[in-house]
Amino acid sequence: MVKLEYDKEKIESLIDKIVERTMRMDLTWEWPCGVAYYGISRAYEVTGKEEYLDVMKERVDKYIDLGLPGAWTVNACAMGHCLLTIYEATGDEKYLDILMSKIDYLKNDAIRFGKNVLQHTVSANNDFPEQCWADTLFMAAFLMLRVGVKFNDQELIKDSLNNYYWHIQYLQNEDTGLWYHGYDNIAGDHMSGFYWGRANCWAAYTMSQVGRILPEAYLYPEFLEIVGSLNEQLSSLKLLQTENGLWRTILDDEESYEEVSASCGIAAAMIEKGNPLYIEYINRSIKGIIDNIKPDGRVINVSGGTAVMKDRDGYRNISKKWIQGWGQGMALAFLTDVLDYDRIRSDGAL
């Protein structure tokens, strides 16, 4: 019987080091911190180590004392993930109040277009009119789903699933199964039209979570669209894995560099999928990703923040020199899923 090949003690040690190195970063209340602390939240949930919760809570408290941003954006809503975990662990409603202010923003104030689709926003300005980006699924739609399930808010669940549905329609190429980075509803195109690695990470990872956390997911028609989308995407992504167990920043461009944050999210989605056919690809990723973690817990070869770039070179020339919150967070998401693999079972649909 084929099984995951990993050293449990080594993985646990790496998680320790990544959490410690992440907490040395001067991350602010924005999406890099949101993804990083999501990873720490997962590490706490899977390992049960209270020290992970404690260091994250202490830093969040400091942010609160210093003063939070006066207005939210889609990207800044990513911090809601750790707030939900801290609230669930402590029962302290000050974290819930901030979380629900983000949900209120997404429900009532965030810019929408088309069939109530969230426009991707990174500032108080209307930077990207009527554009949807795959990033929004992690920063907002996945958060809305988690909160909707937590409080049995069917309206919020339906809003989340509606955003999954329309992001699939706008961003996935049915012929290839792969996802474009963004879609411009005004121009009716995918702008430069590249299959960016991290966009596919955001899509695959968040879609893989729906059947895991949504009770009786099969009763929601949108879930069946998510099932089909993820099936097609992963069946294509497995063919694009490099010999090092990673994926490239432009997935189908052999001259593009291997990018670790995308690789972590894609491999984690394969774990969450629960399909034994993916074990060989996950095993390759375990080695490839571990090879990109420094002894001090710094995850390397992670591309910097990336807008929908104008051309191929725009993506290929994004620096991968520096430590990034999303690299730390997605590495933690992947490694904790490795530890949790024996608990994860296919839901019969995904």
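Since this is a predicted model, take the numbers as computed values, not measurements.

Caption draft 1: How the structure looks around the packing of helix H8 (residues 197-213) against helix H13 (residues 325-339). Running from N to C, H8 and H13 point in directions that differ by 40°, and their axes come no closer than 13 Å. The orientation of H8 with respect to H13, classified from their angle, is oblique. In the packing of H8 onto H13, the handedness of the crossing is left-handed. On H13, the residues touching Arg 198, Cys 201, Trp 202 and Tyr 205 of H8 are Trp 326, Met 330, Ala 333 and Asp 337.

Caption draft 2: Examining the nonpolar core more closely. Counting 127 residues, the largest nonpolar core has Tyr 37, Leu 106, Tyr 164 and Phe 334 as its most contacted members. With residues up to four places along the chain from it excluded, the contact list for Phe 334 reads Cys 264, Ala 267, Ala 268, Ile 271, Ile 282, Ser 285, Ile 286 and Ile 289.

Caption draft 3: Unusual backbone geometry, seen in detail. Positive phi outside glycine occurs at Asn 152, with the angle close to 50°. Tracing the chain through its elements places Asn 152 in the loop between helix H6 (135-150) and helix H7 (154-171). Given a relative accessible area of 57%, Asn 152 falls into the exposed group. Not every positive phi belongs to a glycine, and Glu 216 is a case in point at roughly 50°. Following the sequence through the fold, Glu 216 ends up in the loop between H8 and helix H9 (221-237). According to the relative accessible area criterion, Glu 216 is partly exposed, its value standing at 48%.

Caption draft 4: Local environment of the packing of helix H2 (residues 31-47) against helix H4 (residues 80-90). Packing of H2 against H4 brings their axes to within 8 Å, and their N-to-C directions diverge by 30°. By the angle between their directions, the pair H2 and H4 is classed as roughly parallel. The two elements H2 and H4 cross, and the hand of that crossing is left-handed. On H4, the residues that touch Tyr 37, Tyr 38, Ser 41, Tyr 44 and Glu 45 of H2 are His 81, Cys 82, Thr 85 and Ala 89. Grouping the constituent residues of the contact of H2 with H4 by class yields five nonpolar, three polar and one charged.

Caption draft 5: Representation of helix H10 (residues 260-273). Between its terminal C-alpha atoms H10 stretches 20 Å, which fits the 20 Å expected from 14 residues at 1.5 Å a residue. Counting buried positions along H10 gives 14 out of 14 residues, so the element sits mostly inside the fold. Trailing H10 by a residue or two, Gly 274 shows a phi angle of about 75°, which is positive.

Caption draft 6: Inspection of the packing of aromatic side chains at higher detail. Summed over all chains, the structure comprises 19 aromatic pairs. Aromatic side chains Tyr 38 and Phe 142 sit 6.0 Å apart centroid to centroid with 70° between the ring planes, which places their arrangement in the edge-to-face category. You can see Tyr 38 sitting in helix H2 and its partner Phe 142 sitting in helix H6, a full 104 residues away along the chain. Residue classification places Phe 142 among the buried residues on the basis of a relative accessible area of 2%. Summarising the aromatic geometry, the rings of Tyr 87 and Phe 151 are spaced 6.5 Å apart at their centres and angled 35° between planes, so their arrangement reads as tilted. Pair noted here: Tyr 87 is in helix H4 and Phe 151 is in the loop between H6 and H7, with a separation of 64 residues, a long-range link. A relative accessible area of 14% means that Tyr 87 is categorised as buried. Feature note: the residues Trp 31, Tyr 38, Phe 138, Phe 142, Trp 202, Tyr 205 and Trp 326 constitute an aromatic cluster, connected by ring pairs.

Definitions and cut-offs
Here, residues in each chain are numbered from 1, in the same order as that chain's written sequence. Restriction of local features to residues with pLDDT of at least 70 applies here, the model being predicted, together with a cutoff of 80 or more for giving and counting side-chain atom pairs; totals for whole chains, interfaces and linings are based on all residues. As a rule here, side-chain values cover all heavy atoms of the structure and leave hydrogens and water aside. In this description, a line fitted to the C-alpha atoms serves as the axis of each element, helices being fitted only across the stretch in contact, and the angle between N-to-C directions of two axes falls anywhere from 0 to 180 degrees. Helix numbering and strand numbering both begin at the N terminus, where a helix is a DSSP run of H or I of at least 4 residues and a strand a DSSP run of E of at least 2. If an angle is under 35 degrees, it is roughly parallel; if it is over 145, roughly antiparallel; if it lies from 65 to 115, roughly perpendicular; otherwise it is oblique. Helix crossings are classified by the rotation of the near helix relative to the far one: an anticlockwise turn of less than a right angle makes the crossing left-handed, while a clockwise turn makes it right-handed. Between two residues, a contact is recorded if the distance between any of their heavy atoms is within 4.5 Å. As used here, the term nonpolar core means buried Ala, Val, Leu, Ile, Met, Phe, Trp, Tyr and Cys residues forming a set that is joined through side-chain atoms within 4.5 Å. Throughout this description, buried means an accessible area under 20% of the type-specific maximum (1.4 Å probe, protein chains only), exposed means over 50%, and partly exposed covers the range between. Basically, the charged four are Asp, Glu, Lys and Arg, the nonpolar ten are Ala, Val, Leu, Ile, Met, Phe, Trp, Tyr, Cys and Pro, and anything else, Gly included, counts as polar. A helix is expected to reach a length of 1.5 Å times the quantity of its residues less one. Pairing of aromatic side chains here covers Phe, Tyr and the six-membered ring of Trp, requires ring centres within 6.5 Å, and sorts the geometry by plane angle: under 30 degrees stacked, over 60 edge-to-face, intermediate tilted.

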